[in-house]
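One-letter residues, chain by chain:
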Amino acid sequence: MKTYFPLDRLRAESTPFYYYDMQLLDETINCIKKSAAYPGFYVHYAVKANANPEILKRIAAAGMGADTVSIGEIKAAIDAGFPAPKIVFAGVGKTDEEIAISLEYGIGCFNAESEPEIDAIEEIAKSQGRIAPVALRVNPEIDAHTHHYITTGLAENKFGIALSMLGRLIERCINSEYIDFKGLHFHIGSQITDLTPFKILCERINALQDEYADVVIPTINVGGGLGIDYDDPDGNPIPDFKQYFDIFHENLKLRPGQQVHFELGRSVVAQCGSLITRVTYVKEGVGKKFVIVDGGMTALIRPALYQAHHKIENITSTSPEMERYDVVGPICESSDTFGTDELLPTTHRGDLIALRSAGAYGEIMASGYNCRPLPSSLFSR
Ligand SMILES: *Cc1c(COP(=O)(O)O)cnc(C)c1O
């Protein structure tokens, strides 16, 4: 389904803002539910992709759990209706305060990433007279073949526990009075479009399960990372969830009664969002034309941060002529560029430009640099 832009509503809004196609979000959620309908499969939404309350409420209402990385995200998830036992808490730097409050909420699992973190969780649980649910995040040393800033499963990354330390730390959790060992957690990276790394992950997990055959491992959490089509959002509005979940169904050898948890972020919300920004000026450069828009890297940082490219559309131009433009934001940084040599219909001051596939890692990463206000949000009816 193609995202339809209600131009009269969009024109009346002050730019830049995020526009969310909630019908597409619903269809995406339904597709996930259908494709993940295998016994023992549970899907969590990675809140860090987009924590807009309206988006969170839809996803919570659909029955998914939440994967979080800070106490702020846990609070946002609870406010949106995610039940605390369905919330998991990951991240390499959980503070004592974050651990204490999460324990009080009764969240479902801490995905611990180091020995000092296990120490801290145990100590805080003891002081509260509680038993902390803890899974261990393993660094599986798999190359997800994605941008080096968003690969997380290599030995050189800061994430997870090295395979060489795993056995001792599993023992440590199992023998602790204040820890309930929940299982193993993996996350190999993001925007993964060649699904082979997921198959390799299954094989790595199978081998680990064999190695720790005598350990009770209630849950395997395989993380997130499924990529989306940034080049053709209307051609591929919903990722191939069936193929993704089937890889795990076919390749992961689960033990009887074992649960497998998924933590999808980008693939749930990216395609339903667009950043809508207005053309402030069309500027003639030397052998170049610039379209200067009123939303820049403060509204959508992915191009500046990861060299990402979002499809750029002039949604209000009616011109039959096409021209090449560099599309740039207003911020005083050369990296504040959304695209170079973009082919767009002849563009004028006041036109609306949509940066597509911006529902994930868009609004949530917006900043107030240059004292610019944060972008607002608008939803399809
Ligand atoms: C970021 C993250 C996710 C979600 O990744 P996506 O690529 O958005 O699906 C899942 N789990 C963990 C631990 C993460 O850090």
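For every chain, the first residue of the written sequence is number 1, and numbering continues from 1 along that sequence. Predicted model: local features are reported for residues with pLDDT of at least 70 only, side-chain atom pairs are reported and counted for 80 or more only, and whole-chain, interface and lining totals are derived from all residues. To get the side-chain values, take all heavy atoms of the structure and skip hydrogens and water.

A. Main features of the pairing of strand β2 (residues 41–46). For β2, the buried fraction is high: 5 of the 6 residues fall into the buried class. Only strands that DSSP links by at least two bridges are regarded as paired with each other. Helix numbers and strand numbers start at the N terminus; a helix is a DSSP run of H or I with at least 4 residues, a strand a run of E with at least 2. One ladder, built from 5 bridges, connects β2 with strand β9 (residues 259–264); its direction is parallel. The partner of Y42 across the bridge, within β9, is H261. Here β2 pairs with strand β3 (residues 65–68) via 3 bridges, running parallel. Pairing of A46 across the sheet is with D67, part of β3. Viewed along the sheet, the connection from β2 through helix α3 (residues 53–61) into β3 turns out right-handed. Here the term buried applies to any residue with accessible area under 20% of the maximum for its type, exposed to any over 50%, and partly exposed to those in between, with areas from a 1.4 Å probe on protein chains only. When the strands point away from the viewer and the path from the first strand over the helix to the second turns clockwise, the crossover is right-handed.

B. Examining the packing of aromatic side chains more closely. Aromatic contacts are taken between Phe, Tyr and Trp rings whose centres are within 6.5 Å, Trp giving its six-membered ring; a plane angle under 30 degrees counts as stacked, one over 60 as edge-to-face, and the others as tilted. This model, assessed by the stated rule, comprises 15 aromatic pairs. Relative to F262, the ring of F41 lies with its centre 5.0 Å away and its plane at 45°, an arrangement referred to as tilted. Pair noted here: F41 is in strand β2 and F262 is in strand β9, with a separation of 221 residues, a long-range link. Residue class for F41 comes out buried when judged on its relative accessible area of 11%. The aromatic ring of F89 is capped on one face by K94, whose charged end is 5.5 Å from the ring centroid. Ring-over charges, as used throughout, are those where CZ of Arg or NZ of Lys falls within 6 Å of the ring centre and within 35 degrees of the ring normal.

C. Main features of the packing of helix α2 (residues 22–35) against α3. Axes here mean lines fitted to C-alpha atoms, for a helix over just the part in contact, with angles spanning 0 to 180 degrees between N-to-C directions. Where α2 contacts α3, the two axes come as close as 10 Å, and the packing angle between them is 30°. Taken as axis vectors, α2 and α3 run roughly parallel relative to one another. Two packed elements cross with a definite hand, and for α2 against α3 that hand is right-handed. Between α2 and α3, the contacting residues are M22, L25, D26 and I29 on the first element and E54, I55, R58 and I59 on the second. Throughout, the ten residues Ala, Val, Leu, Ile, Met, Phe, Trp, Tyr, Cys and Pro are labelled nonpolar, Asp, Glu, Lys and Arg are labelled charged, and all others, Gly among them, are labelled polar. The residue makeup of the contact of α2 with α3, split by class, is 5 nonpolar, no polar and 3 charged. For classification purposes, angles smaller than 35 degrees are called roughly parallel, those larger than 145 roughly antiparallel, those between 65 and 115 roughly perpendicular, and all remaining angles oblique. Should the near helix be turned anticlockwise from the far one by less than a right angle, the crossing is left-handed, and should it be turned clockwise, the crossing is right-handed. A contact between two residues is defined here by any heavy atoms of the two lying within 4.5 Å.

D. View of the sheet that holds β3. Taken in spatial order, the 8 strands close into a barrel running β2-β3-β4-β5-β6-β7-β8-β9, and their pairing is parallel. Strand-to-strand, the axes of this sheet are offset by a mean angle of 30°, without reference to chain direction. One ladder, built from 3 bridges, connects strand β7 (residues 179–185) with strand β8 (residues 219–221); its direction is parallel. Within the sheet, the bridge partner assigned to L184 lies in β8 and is I220. Contacting β3 and β4 (87–89), helix α4 (residues 71–79) crosses the sheet at an angle of about 175° to β4. In the packing of helix α5 (residues 96–105) onto the sheet, the strands contacted are β4, β5 (109–112) and β6 (132–137), and the crossing angle to β5 comes to about 150°.

E. Region of interest: the site of the ligand. What surrounds the ligand is a group of 14 residues, the closest being K48, S190, E263, R266 and Y361. Within the contact set of the ligand, an oxygen atom lies 2.7 Å away from a side-chain nitrogen or oxygen of K48. Here an oxygen atom of the ligand and a backbone polar atom of G225 are 2.9 Å apart. If the ligand stood free it would expose 380 Å²; the protein chains cover 94% of that surface. Tallied by class, residues from the shell around the ligand come to 3 nonpolar, 6 polar and 5 charged. Put simply, a residue is near a molecule or strand once any heavy atom of it comes within 4 Å of that molecule or strand. For this analysis, a polar contact is any N or O atom pair within 3.5 Å, provided that within protein one partner can donate a hydrogen and the other can accept it, and provided that sequence-adjacent residues contribute only side-chain to side-chain pairs. Working definition of accessibility: Shrake-Rupley area with a 1.4 Å probe, residue cover restricted to the visible protein chains.

F. Representation of the pattern of salt bridges. A carboxyl oxygen of Asp or Glu within 4 Å of a side-chain nitrogen of Lys or Arg is what we treat as a salt bridge. Taken as a whole and assessed by the stated rule, the structure comprises 17 salt bridges. Residue D26 is joined to R58 by a salt bridge in which the shortest nitrogen-to-oxygen separation is 2.7 Å. With a gap of 32 residues between them, D26 in helix α2 and R58 in helix α3 connect regions that are remote in the sequence. A relative accessible area of 33% places R58 in the partly exposed class. Its salt-bridge partner being D246, residue K242 comes within 2.7 Å of it at the nearest N-O pair. Residue K242 and its partner D246 are both found in helix α9 (residues 241–251); the two are separated by 4 residues, about one turn of the helix. Assessed through its relative accessible area of 49%, K242 is described here as partly exposed. Look at the salt bridges and you will find they share partners, linking K2, D234, K311, E313 and R356 into a network.

Nothing here speaks to function; it is geometry throughout.
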